[in-house]
Amino acid sequence: MSESAAGSTGSKRTGTSAKGNARANAREKKGPGTAQVLRSAREAIEELTGLEAETVSSVSRDEDGGWILRVEVVELRKIPDSVSMLGSYEMTLDADGELTGYRRLRRYERGKADPQ
């Protein structure tokens, strides 16, 4: 009786281990998490433009598992800071977090509200 109990416990452990391995493999294939993608995007835009990334204003996934981000960049610092010029850039990254493209969507003065 104790042999069959030990045998069934062993098979449960094997099943649990296989499920755990499957979950771990799925996580590895999924690619980088949101926080890592945000860091990578900020670093990439700063390197490509030579400008300071101020904030990531939006992030979403596309249908292919890639990423679409909007990053606000300081293009021209002025005094007072409320009149500094910012650029809003759209960045696309693949599912692995590699940059596939970027473009400036608009340029605006920090202190001005969007027209409604």
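Because the structure is predicted, anything quoted here is derived from the model rather than measured.

Calculation criteria
Residues numbered from 1 in each chain as written. Predicted model: local features only at pLDDT ≥ 70, side-chain atom pairs only at ≥ 80, totals over all residues. Heavy atoms only, no water. Helix = DSSP H or I, 4+ residues; strand = E, 2+ residues; numbered from the N terminus. Expected span 1.5 Å × (residues − 1). Buried < 20%, exposed > 50% of the residue type's maximum accessible area, 1.4 Å probe, protein only. Arc of directions from axis to C-beta. Contact = heavy atoms within 4.5 Å.

Asks: Residues and numbers for helix 2 (residues 34–49), please.
Replies: Given a rise of 1.5 Å per residue, 16 residues ought to cover 22 Å, and the 22 Å separating the end C-alpha atoms of helix 2 matches this to within 8%. Within the span of helix 2, buried status applies to Val37, Ala41, Ala44 and Ile45. On an axial view of helix 2, the arc spanned by its buried residues comes to 95°, and they lie on one face. Facing away from the buried side of helix 2 by more than 90 degrees, the exposed set consists of Glu43 and Glu47. Of the surrounding elements, those touching the buried residues of helix 2 are strand 1 (52–61), strand 2 (67–76), strand 3 (85–93) and strand 4 (99–109). Of the residues flanking the end of helix 2, it is Gly50, one or two places downstream, whose phi is positive at about 75°.

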